[in-house]
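# Tertiary structure, described
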Amino acid sequence: MSETEFHGRVVLVTGAAQGIGAAVAQGFAQQGARVAVVDIQKEALEAAALKLSQQGGEVTAFPLDVTNNEAVAQAVSVIEQRLGPIDILVHAAGVLRMGPIVSYSDANWAATFAVNLNGVFHVSRAVSERMIPRRRGTIITVSSNAAAIPRMDMAAYATSKAAVTMFTKCLALELAEYGIRCNIVSPGSTDTPMLRSMWADEQGTQRTIEGSPQTYRTGIPLRKLATPVDIANSVLFLASERAGHLTM
Ligand SMILES: NC(=O)c1ccc[n+]([C@@H]2O[C@H](COP(=O)([O-])OP(=O)(O)OC[C@H]3O[C@@H](n4cnc5c(N)ncnc54)[C@H](O)[C@@H]3O)[C@@H](O)[C@H]2O)c1
């Protein structure tokens, strides 16, 4: 991948204050893109954007709650006014609220779907209505391997990821005639604050790699966690011209 592969491209990354979204933003910034980063954590987002700018990237922070439809439409409009037409959209914002189904609260259920599914719908709709007349653009959703594998204490999360995976495929089908590609990256366990929030102690890495028969988790054959950069590399490939015939 050349260091100028995304030179001048406008990229919108959600959930970019930390973890996978931050690594995606960094990857695009390092390759010359003009990156709009959004996240609900205002201060962490601004700190992340500042850090990338100090490394020479062109990165601007737009604090945003993706569950707020009106705020999303407004933010997308402001981003295009300030940076130009969005060429690449990456959905990395997500929440994980664990718990068994029988005692899972309505609030946790609603919050999970509000971010992991509705947020992707809101941002996709606002951006794709602008991409369609330009007949240009690509959209990548960070889903999860939990979209396809049942997990103990993760019903809301896994169901929201299965739904957003299908949403992105339907979006790809509707946008294909305009030359807009939509793809999904489904990470396994990746070393971010979200993954670490699942761990009770320092043995978390080893237990995740080993798997646990009690919770029907198989472990990781490569015997290592993914890094946020590993996932970002897949996102950057899907956004690149080399993936020009990949959609859905
Ligand atoms: N870490 C993993 O093991 C793993 C595995 C599979 C999939 N994923 C997915 O990858 C994506 C990134 O996860 P991560 O591990 O970097 O998690 P993370 O918790 O470290 O980062 C997620 C980011 O999303 C932001 N966010 C949450 N709600 C938001 C909202 N309403 N509006 C805007 N931003 C919001 C958070 O503030 C945070 O900065 C998520 O969609 C997650 O489900 C992660």
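Everything numeric in this text was worked out from a predicted model, so none of it was measured.

Moving on: the overall build of the chain. Across its full length, the chain carries 8 helices and 6 strands. Start at the N end of the chain and walk to the C end: the helices and strands fall as β-α-β-α-β-α-β-α-β-α-β-α-α-α. Taken over C-alpha atoms, the radius of gyration comes to 18 Å for the chain, in line with the 18 Å a tight globule of 248 residues would show. Judged by the C-alpha coordinates and their principal axes, the chain covers about 50 × 35 × 35 Å. Within the span of the chain, comprising 248 residues, buried residues form 48% of the whole. Long-range pairs, those at least 24 residues apart, make up 70% of the contacts in the chain with a sequence separation of at least 6. Taken as a whole, the chain presents about 12200 Å² of accessible surface, with 54% of it coming from carbon and sulfur. Charged side chains of the chain number 21 positive and 21 negative; the gap between the two group centres comes to 4 Å.

What follows deals with the site of the ligand. Surrounding the ligand, one finds 30 residues, the nearest of these being I20, D39, Y157, T190 and T192. Within the contact set of the ligand, an oxygen atom lies 2.6 Å away from a side-chain nitrogen or oxygen of D39. One of the side-chain nitrogen or oxygen atoms of D65 is found 2.9 Å away from a nitrogen atom of the ligand. Coverage of the ligand by the protein amounts to 94% of the 820 Å² it exposes when considered alone. Put simply, the parts of the chain that give the shell around the ligand at least two residues each are α1 (19-30), α5 (155-175) and α6 (193-196).

With that settled, consider the pattern of salt bridges. Applying the stated rule across the entire model yields 10 salt bridges. In this structure, R207 and D201 form a salt bridge, with 2.8 Å as the shortest nitrogen-oxygen distance. Judged by relative accessible area, which is 47%, R207 ranks as partly exposed. Assessed through its relative accessible area of 36%, D201 is described here as partly exposed. Taken together, the shared-partner salt bridges in this structure form one network comprising E80, R130 and R134.

Where helix α4 (residues 106-134) meets α5, the axes come as close as 8 Å, and the angle between the chain directions of the two elements is 15°. The orientation of α4 relative to α5 falls into the category roughly parallel. Seen from above, α4 lies across α5 with right-handed handedness. Two secondary-structure elements touch here, α4 through W109, T112, F113, N116, L117, V120, F121, S124, S128 and I132 and α5 through A155, A156, Y157, T159, S160, K161, A163, V164, F167, L171 and L175. For the contact of α4 with α5, the per-class residue count stands at 14 nonpolar, 6 polar and 1 charged.

Grouped together as the largest cluster of nonpolar side chains are 31 residues, with contacts concentrated most on V13, V24, F28, V35, V37, V90 and V235. Mapped onto this core, the elements with two or more residues apiece are β1 (10-14), α1, β2 (34-38), α2 (42-54), β4 (88-91), β5 (138-142) and α8 (228-239). Setting aside residues up to four positions removed in sequence, V235 forms contacts with V24, F28, V90, I140, V142 and V185. Judged by nonpolar contacts, the second largest core, of 26 residues, contains A75, V76, L89 and L171.

Here we come to helix α3 (residues 69-83). Compared with an ideal rise of 1.5 Å per residue, which puts 15 residues at 21 Å, α3 spans 21 Å between its outermost C-alpha atoms and is within 8% of the ideal. Looking at α3, one finds that the buried residues are V72, A75, V76, I79, E80 and L83. In an axial view of α3, the angular spread of the buried residues amounts to 130°, which keeps them on one side of the axis. The exposed set on the far side of α3, more than 90 degrees from its buried face, consists of E70, Q74, Q81 and R82. Among the structural elements, β1, β2, β3 (58-61) and α4 are those in contact with the buried residues of α3. Two to three positions downstream of the cap, the backbone nitrogen of E70 sits 3.2 Å from a side-chain oxygen, assigning the N-cap of α3 to N68. At the C-terminal side of α3, G84 shows a positive phi close to 110°.

So, how was this worked out
- Residues numbered from 1 in each chain as written.
- Predicted model: local features only at pLDDT ≥ 70, side-chain atom pairs only at ≥ 80, totals over all residues.
- Heavy atoms only, no water.
- Helix = DSSP H or I, 4+ residues; strand = E, 2+ residues; numbered from the N terminus.
- Rg over C-alpha atoms; globule rule 2.2 N^0.38 Å.
- Buried < 20%, exposed > 50% of the residue type's maximum accessible area, 1.4 Å probe, protein only.
- Contact = heavy atoms within 4.5 Å.
- Areas by Shrake-Rupley, 256 points an atom, 1.4 Å probe, with all protein chains shown as cover.
- Lys, Arg positive; Asp, Glu negative; His and termini not counted.
- Charge placed at Lys NZ, Arg CZ, Asp CG, Glu CD.
- Near = heavy atom within 4 Å.
- Polar contact = N/O pair within 3.5 Å; in protein donor to acceptor, adjacent residues only side chain to side chain.
- Salt bridge = Lys/Arg side-chain N within 4 Å of Asp/Glu carboxyl O.
- Axes fitted to C-alpha atoms, helices over the stretch in contact; angles between N-to-C directions.
- Parallel < 35°, antiparallel > 145°, perpendicular 65-115°, else oblique.
- Left-handed = near helix turned anticlockwise from the far one by under 90°.
- Nonpolar A, V, L, I, M, F, W, Y, C, P; charged D, E, K, R; others polar.
- Core = buried A, V, L, I, M, F, W, Y, C linked by side-chain atoms within 4.5 Å.
- Expected span 1.5 Å × (residues − 1).
- Arc of directions from axis to C-beta.

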